[in-house]
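The chain contents come next:
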Amino acid sequence: MTDEEEPRLYVNRWGDTSDPAPGRRGSYRDICTCFDQTKPHPRARVGFHTERQDTSAPGWQHLLELVDEAAADGREEFRPLIELTPEERRQVITLPPSIARLTAVKHLVLYGSNLVRIPPEIGAMTSLEEFTPYTSYRLHWFPYEITRCRKLTCSTVSTRALFGNYKLRPPFPRLQPPPDSVADLDLENLDPRRWGATVIHSCSVCDRPLEQGGLQQMWISLRVATDVLPLLVSACSSACVAALPGSARNYIPFTPRGRPSRPADV
């Protein structure tokens, strides 16, 4: 769903996680200043969120318990944020890799989250049909692995918050040049400012461990369920990059470095 439909959403249909004062003391989420989400600014420079998840935080520990419970009971709808206190919600900036165990979940609700990234393990949620990260204004991109959710047909995303969205055209963060080898990279402890994530285990395309290949990142905008999403690809080889589909119509194709390869067809 696009932001053109946002004014019709007068009732929070996804749980009581409304935040009357984002960014202020007592709020459960932080204000994002990566780019202006109300008007175009084509010359703006943007980057990745640099926060790392505090795995000792009570909110993170509580979330791990909720994922375990959902995996154990095989529930089809997962709304973790309504189970967290406002303070705990603010402490959660990503999801744990254990979401890969949520293979029965059909609807994932992350309404109004403080998330800055989604882990590639979301691709293992093979039953996912509906994805609702609506009003998660710090969530600007998604992992390419979400395309593995073949049953995903409905999404509710605040598109103005997305890199490269068609209304505001905010730029994408520049990506690192492909290293000659990943041998000198600690793939379990990456700098999110440079790589967008703190951990990259395997190729987004073929799922082969990166230790067996290289690391080439690129942006691609594809229709996923209801919305066109900016997806970050972490590929192991040029062959995997070549296997990627073309960008969605009217969205700019990108080279592996994140630079536009030609003007937008708009």
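Before reading on, note that the structure itself is shown above.
What counts as what
- Residues numbered from 1 in each chain as written.
- Predicted model: local features only at pLDDT ≥ 70, side-chain atom pairs only at ≥ 80, totals over all residues.
- Heavy atoms only, no water.
- Helix = DSSP H or I, 4+ residues; strand = E, 2+ residues; numbered from the N terminus.
- Buried < 20%, exposed > 50% of the residue type's maximum accessible area, 1.4 Å probe, protein only.
- Contact = heavy atoms within 4.5 Å.
- Areas by Shrake-Rupley, 256 points an atom, 1.4 Å probe, with all protein chains shown as cover.
- Core = buried A, V, L, I, M, F, W, Y, C linked by side-chain atoms within 4.5 Å.
- Expected span 1.5 Å × (residues − 1).
- Arc of directions from axis to C-beta.
- Pairing = 2+ DSSP bridges.

Novice: Before we move on, could you go through the overall build of the chain and cite the residues and values that matter?
Specialist: For the chain, the helix and strand inventory stands at four helices and seven strands. Evaluated residue by residue, the chain yields a buried proportion of 48% over its 266 residues. Within the chain, contacts between residues at least 6 apart in sequence are counted, and of these 62% link residues at least 24 apart. Of the accessible surface of the chain, which amounts to about 12800 Å², a share of 49% is contributed by carbon and sulfur atoms.

Novice: Quick rundown of the nonpolar core? Include the residues and the values.
Specialist: In terms of nonpolar packing, the biggest core is built from 50 residues, with Phe-131, Phe-142 and Leu-231 touching the most fellow members. When contributions to this core are tallied by element, the ones reaching two or more residues are α1 (58–73), β6 (216–224), β7 (227–235) and α4 (238–242). In terms of residue count, α1 provides more of this core than any other element does, five residues in total. Residue contacts for Phe-142: discarding those within four places in its chain leaves Ile-118, Phe-131, Pro-133, Val-157, Leu-162, Leu-229, Pro-230, Leu-231 and Leu-232.

Novice: Go over α1, please, and point to the residues and values.
Specialist: In this model α1 runs 23 Å from its N-terminal to its C-terminal C-alpha over 16 residues, within 8% of the 22 Å that 1.5 Å per residue would give. Considered for burial, the residues of α1 that qualify are Gly-59, Trp-60, Leu-63, Leu-66, Val-67 and Ala-70. Looking down the long axis of α1, one finds its buried residues gathered within 115° of arc, a one-sided arrangement. Those residues of α1 hidden inside the fold are in contact with β1 (77–78) and α2 (86–91). Remark: Gly-74 follows α1 within two positions and exhibits a positive phi of approximately 65°.

Novice: Could you give an account of the sheet that holds strand β2 (residues 107–109), with specific residues and numbers?
Specialist: A sheet is described by the order of its strands in space; here four strands give the open sequence β1-β2-β3-β5, paired in parallel fashion. Both outer strands of the open sheet, β1 and β5 (154–155), are each paired with one neighbouring strand and no more. As judged from the three bridges shared by β2 and strand β3 (residues 130–132), these two strands associate in the parallel manner. When the bridges of β3 are listed, Val-109 appears paired with Thr-132.

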